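Coordinates in review
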Amino acid sequence: MNNSGNKLPDLPEENRNKSNNRRSFLKKAAVATFAIANAELISVANKGSFGQRETLTEIPWYRRVTRWGQTNITEKDPIQYDITWWRKHWKDTNIQGVIVNAGGIVAYYPTKIHLHKPAQYLGGRDLFGDLCRAAHEDGIAVFARMDSNRAAEEFYNAHPDWFAVDSEGKPYKAGELFITCVNSPYYNDHIPAILTEISRLYKPEGFTDNSWSGLGRDTICYCENCRKSFFAKTGKDIPKIRNWDDQVYREWIRWNYDRRLEIWDLNNITTKAAGGKDCIWSGMNSGTISGQSRSFRDYKEICKKADIIMLDSQARNDTNGFQQNSDTGKLIHGLLGWDKLIPESMAMYQAGRPTFRLAAKPVQEARMWMLEGIAGGIQPWWHYVAATHEDRRIYHTPVPVFSWHKINEEFLINRNPVASVGVVWSQQNSDFYGREESDLLVDQPWRGITEALIRARIPYLPVNADHIDRDASKFSLLILPNLGVITDTQIAMIRRFVKNGGGLIATGESTLYNEWGDRRPDYALGDLFGTHTDNQHKTNSGRTLRKTALETLHTYLRLTPELRKNVDGPHTGAEPEIIGKRHDILKGFEETDILSYGGLLEPVLTEPSGEVLMTFIPQFPIYPPETAWMREPKTDIPGLIINTISDGGRIAFMPADIDRQFGRYNLPDHGNLLANLIRWATKDIIPLKIEGPGLAEFNIYSQPGRLILHIVNLTSAGTWRQPVDEYIAIGPVNVSIKLPDDVTGKSIQLLVSNKKITGSQENGWLNFTISSISDHEVSVII
Ligand SMILES: [Zn+2]
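Residues numbered from 1 in each chain as written. Predicted model: local features only at pLDDT ≥ 70, side-chain atom pairs only at ≥ 80, totals over all residues. Heavy atoms only, no water.

1. Examining the coordination of the zinc ion
Surrounding the zinc ion are the protein donor atoms Cys181 (SG), Cys221 (SG), Cys223 (SG) and Cys226 (SG), at 2.2 to 2.3 Å. Classification of the site at the zinc ion rests on its four donor atoms, whose angles at the metal span 98 to 122 degrees, yielding the label tetrahedral. Positions of the donor residues of the zinc ion along the chain correspond to the pattern C-x39-C-x1-C-x2-C. Within this pair, whereas Cys181 is found in the loop between strand S8 (177–179) and helix H5 (185–202), its partner Cys223 is found in the loop between strand S9 (206–209) and helix H6 (224–234), the two being separated by 42 residues in sequence. A single burial state applies to Cys181 and to Cys223, both of which are buried. (Donors = N, O, S within 2.8 Å, 3.2 Å for Na, K, Ca; no water. Tetrahedral: all angles 85-135°; square planar, octahedral: opposite > 155°, others 65-115°. Helix = DSSP H or I, 4+ residues; strand = E, 2+ residues; numbered from the N terminus. Buried < 20%, exposed > 50% of the residue type's maximum accessible area, 1.4 Å probe, protein only.)

What follows is the structure, given as structure tokens:
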């Protein structure tokens, strides 16, 4: 295991050159006319640190366009759309690409496709065509936006067999519209015909789709097309009910995922046939794995196919905060690669809680979402609904962020993340372990771990469980936050990681289920955990984590060993007797013998190598207060076991789902315990040390010859619920960062406060101080 702070980017040299070339090109693109119709062949003199040679690099438009805008056109807009005004706004915001409504539910151009209904107020206007031509004249790329998931009654009456139906054959509806079935000719013929027509008429650079994946997981379609297709694939009938224990239902889930990937391929074949090899189709995707799961969109497989991810994730919620956006960016880049782009639709209107489509979101709130996205490698894309606004403040919101992005773009893309902690996830775990409770069983533990990391200023990266071998050399620690479902291949990869000296933290029911979500007889990594299930001594009569996940139980954890004992009982005035020394993981808790918990624990069997640091105190009453005393103050049921294997990897298994509790209730004790545990398991191999008050997120990136530290100040946001409308500056922030070999650390440029500072160096670490950070700061260290 290396300290990743010491490493060069993991790209092979050839890719580094490409990456260099792309940056050089992007600098040129800022002044050159933007030729977008086809991918260009660009000759770039590569005079970087990897040799002096001339290479030819082809950079298609979807790898160059880094600022996007979208005016989501309402059906009323064709009579009020002022293209001249919007062209100016495109220019004012420095965008290089627009997303323009084209077809699907309604058409914004004079279509000849049967049943492709013109927008209500379209009249004779060719609004899409006018906008597409204007954008091309301005050197701006066009993503033609489709919305292909439902249709009006007239369409339904013409082709009732193209629509999703329930088990009694009744069509599923959303409001007045009928929902189309993904297995019908609507997706096989009708949508491809529209894509072909638009491509031939207008030559947009590519296509995206707001809602392309059809009926979600909560509803089963029983139409004839679905029945036939499922039978052909599995030899079985469509399952009657949603039942995760039924193998047919599980196969139905997989079959649905496969169908969405077929649609992805079909649409790409169609648009490339009509518009050339760079005329890609890239449907929009969600910012959460739970969202992807509910829509049958397999993120890992989609990212294998995608050239760009169009991310539809517009605002924070109170539960996840702004930091979710950087987490999402890092997670998707982990699948897609850090050399591709992930523009994200960012609402300038009051999206979220509550939603007002036509009111400007407080500018500080909108900016913070954008900044956290950029910190996670996401590209900005302003988003308005409707082409005219009486709340004119909305137009001002994106301007400063987009201008800053344009100036500093070379530091914000094509960079490699630096972190020594990997947090492992998989969509299978959300599906087959999380099932209908993925928020409680998968998302909450994820949130608890990642927020504990952010709070402790420890940079981390999401790692897909199938990519552990690929990414292992970056990390000194992997964390499995209640990763119940794990495949045999993934288990083998974790074993290799630990064998090579990597640390491991696993929580809750991690590794206890196979790929379908069936419980294994023991933890698949029980030998590493030093802990095994005790199937003889179950005490909670079948009350599993799944069943109690919604409850908050009045339970505690006892820290072991006890530190002190009062011979004559408490409060006698006698000097307490010191009777033990606790592990460093419990540092900071010297004045308590218990921590609040909230969950339930079963007995487990521990191996002699396992050291138990916390034990379970079972539930006792809260009300009335007279009854609030521990009925069983001590058990030997472990809550946290550490196991140090012979060749040095530090392993901790925490059956007590402290991560889930922290994700849920934000109790500082839980966050501090997790931070202690993580620091111990990494053997303190963390490339960053921060001093100074406040809640802030720190992400480190490397580019050849330089390090980039992106800091987002979450202090105001963490103080109270959304929306934030005033920033509270933090600072001074004292930074110590480990320098890689190719960075001298002689110069530090601050891209937001726009000044140069210097630091001091000691043992390969650079120390410097940032005096004040309002919303964010980017330090470029050369
Ligand atoms: Zn169907």
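2. A word on the side chain of Thr271
Inspection of the secondary structure puts Thr271 in helix H7 (residues 247–275). A distance of 2.8 Å separates a polar atom in the side chain of Thr271 from the backbone oxygen of Cys279. (Polar contact = N/O pair within 3.5 Å; in protein donor to acceptor, adjacent residues only side chain to side chain.)

3. Re the pattern of salt bridges
This model, assessed by the stated rule, comprises 39 salt bridges. With its nearest N and O atoms 3.5 Å apart, the salt bridge here joins Asp431 to Arg217. With Asp431 in helix H13 (residues 427–434) and Arg217 in the loop between S9 and H6, this residue pair connects regions lying 214 residues apart in the sequence. Like Asp431, the residue Arg217 is buried in the burial classification. Among the ionic contacts, a cluster of salt bridges with common partners joins Arg125, Asp126, Asp130 and Arg133. (Salt bridge = Lys/Arg side-chain N within 4 Å of Asp/Glu carboxyl O.)

4. Some points on the sheet that holds strand S38 (residues 776–781)
Strands sit in the order S16-S31-S32-S38-S34-S35 across an open sheet of six strands; the sheet is antiparallel. Each edge of the open sheet is held by one strand with a lone partner, namely strand S16 (416–418) and strand S35 (755–757). Taken pair by pair, the neighbouring strands of this sheet meet at an average axis angle of 30 degrees, ignoring direction. (Pairing = 2+ DSSP bridges. Axes fitted to C-alpha atoms, helices over the stretch in contact; angles between N-to-C directions.)

5. Some thoughts on the pairing of strand S19 (residues 477–480)
Residues of S19 alternate between two faces, with Leu477 and Ile479 on one and Leu478 and Leu480 on the opposite face, all of them buried. Here strand S17 (residues 421–425) pairs with S19 via three bridges, running parallel. Of the residues in S19, the one forming a bridge with Val421 is Leu477. Two elements, S19 and strand S20 (residues 503–507), share four bridges in a ladder whose sense is parallel. Bridge assignment links Leu478 to a residue of S20, and that residue is Leu504. Handedness of the crossover joining S19 and S20 through helix H16 (residues 488–499): right-handed. (Right-handed = clockwise from strand over helix to strand, strands pointing away.)

6. Section: the packing of helix H10 (residues 323–336) against helix H11 (residues 363–375)
As a packed pair, H10 and H11 sit with axes 7 Å apart at the nearest point and diverge in direction by 30 degrees. Compared by their axis directions, H10 and H11 come out roughly parallel. In the packing of H10 onto H11, the handedness of the crossing is right-handed. Here Gln323, Gln324, Asn325 and Ser326 of H10 come into contact with H11, specifically with Trp369, Glu372, Gly373 and Ala375. (Parallel < 35°, antiparallel > 145°, perpendicular 65-115°, else oblique. Left-handed = near helix turned anticlockwise from the far one by under 90°. Contact = heavy atoms within 4.5 Å.)

7. Focus: empty space enclosed by the protein
Inspection of every chain in the model, using the stated rule, returns six cavities of 30 Å³ or more. One number sums up the size of the largest cavity: a volume of about 100 Å³. In this structure, the largest cavity is lined by 16 residues; those nearest its centre are Val182, Leu215, Cys221, Asn256 and Arg260. Looking at the lining of the largest cavity residue by residue, the class counts come to 10 nonpolar, five polar and one charged. (1 Å grid on protein atoms, 1.4 Å probe; cavity = no way out; pocket = protein on both sides within 12 Å on 5 of 7 lines; lining within 4 Å. Points joined across faces, edges and corners; volume = space filled by probe spheres on them. Nonpolar A, V, L, I, M, F, W, Y, C, P; charged D, E, K, R; others polar.)

8. A closer look at the side chain of Thr71
Looking at where Thr71 falls in the secondary structure, it is placed in strand S3 (residues 68–72). Setting aside residues up to four positions removed in sequence, Thr71 forms contacts with Tyr81, Trp86, Ile99, Asn101, Trp382, Tyr384, Ala386 and Ala387.

9. A closer look at the environment of Glu409
Tracing the backbone through its elements, the reader meets Glu409 in the loop between helix H12 (398–408) and S16. For the pair formed by Glu409 and Glu365, sequence separation is 44 residues and the distance between their alpha carbons is 22 Å.

10. Structural notes on the sheet that holds strand S6 (residues 150–151)
The strand order S6-S8-S7 describes an open sheet built from three strands, whose pairing is antiparallel. For this open sheet the edge positions go to S6 and strand S7 (173–174), each flanked by a neighbour on one side alone. Alignment of S6 against S8, held across two bridges, turns out to be antiparallel. In the sheet register, Arg150 faces S8, and the bridge partner there is Ile179.

11. What about helix H19 (residues 658–665)?
Within H19, six of the eight residues are buried, leaving the element largely enclosed by the surrounding structure. Of the residues making up H19, those classed as buried are Ile658, Asp659, Arg660, Gln661, Phe662 and Gly663. Tucked inside the fold, the buried residues of H19 contact helix H14 (438–455), S20, helix H18 (545–548), strand S22 (556–559), strand S29 (650–654) and helix H20 (668–681). With its phi angle positive at about 65 degrees, Asn666 sits one or two positions after the end of H19.

12. Considerations on helix H3 (residues 127–137)
Turning to H3, its buried residues number three or more, namely Leu127, Phe128, Gly129, Leu131, Cys132, Ala134 and Ala135. In this fold, the buried residues of H3 make contact with helix H2 (83–92), strand S4 (97–104), strand S5 (141–147) and H5.

13. As for the nonpolar core
Judged by nonpolar contacts, the single largest core of 198 residues is most densely connected at Trp90, Phe128, Ile198, Ile309 and Leu504. It is H7 that provides the largest number of residues to this core, a total of nine residues. Ile690, Ala696, Ile711 and Leu739 belong to the second largest nonpolar core, which has 23 residues in total. (Core = buried A, V, L, I, M, F, W, Y, C linked by side-chain atoms within 4.5 Å.)

Note that all results are geometric; they support no functional claim without further evidence.
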